[in-house]
Amino acid sequence: MIADRLFKLVEEKGHVCVGLDTDYSYLPKNFADKFESKAVAIYNFNKEIIDATYDVVSCYKVQIAYYEALGIEGMKAYSDTLKYIKQKGMISIADIKRGDISKTAEMYAMGHFTGDFEADFVTLNAYMGINDSLEPFLKYVKENDKGIFALVRTSNKGAKDFQYIRDEDGVPLYETVGERIQLLAEENVGKCGFSSIGAVVGATNNEEGLALRNKMKSVFLLIPGYGAQGGKAEDIATYLICGNGAVVNSSRGILLAYKNEENGEHDFAMCARREAIRMRDDIRAHI
Ligand SMILES: O=C(O)c1cc(=O)[nH]c(=O)n1[C@@H]1O[C@H](COP(=O)(O)O)[C@@H](O)[C@H]1O
């Protein structure tokens, strides 16, 4: 089960998930200029980042928006990046945040769990309902060793707009979503005690973190918001169970680490590696 593989990788290499939100403007100019197109440069940048980090991180999250924005060539870079992650024996999370009626969701599931854009996990938005938005992906969880991360409480300030609306008993919407994800997760628990049905919970806004975790004990968490968005290792500790059960994403914090080092642009991949190790140890120190 993919949850067991992720659990083992977290145990061996730590909680860091490198976010490959690779904006062309992030590439050092001396590196970018070597390639014939933006998309080819981005793929080669990703390759260097993966080569420099795969022994100190547990997984990679590839944010599709950065590739879609470059059209067909960008999608080739996206596909090649996912294939390279697999070649390295690592786990990929396709950050696609899809959610639609079930017939359309079936096509999204096929599109992101098979073929050119095959990933190990996808991020999903359950707002259109569990049966519509999530169910078509669950067939792949059961039969093809895939996993999902459903948005529960996001890391951005705008999370307050809707996710914190309370019902008549005072329960915020995000907790209700979390409880539903827990029920699904319980049907797909691996040997490690966590499920391949996961949830996205932001590292910021975590004052209710413990209450939420207590309602989602079988759910593997994807925690964005560390680094550039201000999330701290002590916030993340709240979500760990016996030190595992979550991966923590940092995108800009790792990809742009070279900007914080003198002459870093000539050694951006090693700067990314140092930042990934620093982040890994920061999280471990707070367990
Ligand atoms: O699903 C996500 O990954 C996600 C959920 C969330 O609540 N907040 C959030 O920032 N993200 C993603 O996490 C990444 C954060 O990037 P950095 O802030 O640069 O580390 C981006 O790819 C976001 O799309």
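Refer to the structure presented above.
Residues numbered from 1 in each chain as written. Predicted model: local features only at pLDDT ≥ 70, side-chain atom pairs only at ≥ 80, totals over all residues.

Draft legend 1. Structural detail: the overall build of the chain. Broken down by element type, the chain carries 13 helices and eight strands. Computed over C-alpha atoms, the radius of gyration of the chain comes to 18 Å, within 12% of the 19 Å expected from 2.2 N^0.38 for 287 residues, which places it in the range of a compact globule. Overall, the chain is about 55 × 40 × 35 Å in size when its C-alpha atoms are taken along their principal axes. Across the 287 residues of the chain, 48% fall into the buried class. Looking at the chain alone, contacts between residues at least 24 apart form 73% of all its contacts between residues at least 6 apart. (Helix = DSSP H or I, 4+ residues; strand = E, 2+ residues; numbered from the N terminus. Rg over C-alpha atoms; globule rule 2.2 N^0.38 Å. Buried ≥ 20, exposed ≤ 12 C-beta atoms within 10 Å, placed from the backbone. Contact = placed C-beta atoms within 7 Å.)

Draft legend 2. Here's a closer look at helix H5 (residues 71–87). For H5, built from 17 residues, the straight-helix expectation of 24 Å at 1.5 Å per residue is met to within 8% by its first-to-last C-alpha distance of 24 Å. Of all the positions in H5, only Gly74, Ala77, Tyr78, Thr81, Leu82 and Ile85 are classed as buried. Projected down its long axis, H5 shows its buried positions confined to an angular sector of 135°, all on one face. Among the exposed residues of H5, those oriented more than 90 degrees off its buried face are Ile72 and Gln87. On the buried face of H5, the contacting elements are helix H3 (38–53), strand S2 (59–63), helix H4 (65–68) and strand S3 (91–98). (Expected span 1.5 Å × (residues − 1). Arc of directions from axis to C-beta.)

Draft legend 3. Spatial organisation of the site of the ligand. Close to the ligand lie 20 residues; Thr154, Ser155, Pro224, Ser251 and Arg252 are nearest. Within the residue set of the shell around the ligand, elements represented by two or more residues are strand S8 (246–250) and helix H12 (252–255). Across the shell around the ligand, the residue classes tally to three nonpolar, 14 polar and three charged. (Near = placed C-beta within 6 Å. Nonpolar A, V, L, I, M, F, W, Y, C, P; charged D, E, K, R; others polar.)

Draft legend 4. Quick peek at the pairing of strand S4 (residues 121–124). Side chains Phe121 and Thr123 of S4 all project onto a buried face; the interleaved residues Val122 and Leu124 project onto the opposite face, where all are buried too. Pairing analysis gives three bridges linking S3 to S4, with the strands arranged parallel. Counterpart to Ala94 in the pairing with S4 is Val122. Chirality of the crossover, the property in question, places the unit of S3, helix H6 (residues 102–113) and S4 among those that are right-handed. Of the pairings in the sheet, the one linking S4 to strand S5 (residues 147–153) comprises four bridges and is parallel in character. Bridging from a neighbouring strand, Val122 pairs with Ile148 of S5. (Pairing = 2+ DSSP bridges. Right-handed = clockwise from strand over helix to strand, strands pointing away.)

Draft legend 5. Region of the structure containing the nonpolar core. Counting 86 residues, the largest nonpolar core has Cys17, Ile148, Ala150, Ile181, Ala199 and Val248 as the members making the most contacts within it. Counting residues per element, this core draws most heavily on H3, at seven residues. Not counting the four nearest positions on each side in its chain, Ala150 is found in contact with Leu124, Ala126, Leu134, Ile181, Ala199 and Val200. (Core = buried A, V, L, I, M, F, W, Y, C linked by C-beta atoms within 7 Å.)

Draft legend 6. Representation of the environment of Gly147. Inspection of the secondary structure puts Gly147 in strand S5. Counting along the chain gives 112 residues from Gly147 to Phe35, while the straight-line C-alpha distance between them is 34 Å. If we ignore the near neighbours within four places in the chain, the residues touching Gly147 are Ile2, Ala3, Asp120, Phe121, Val141, Ser196 and Gly198.

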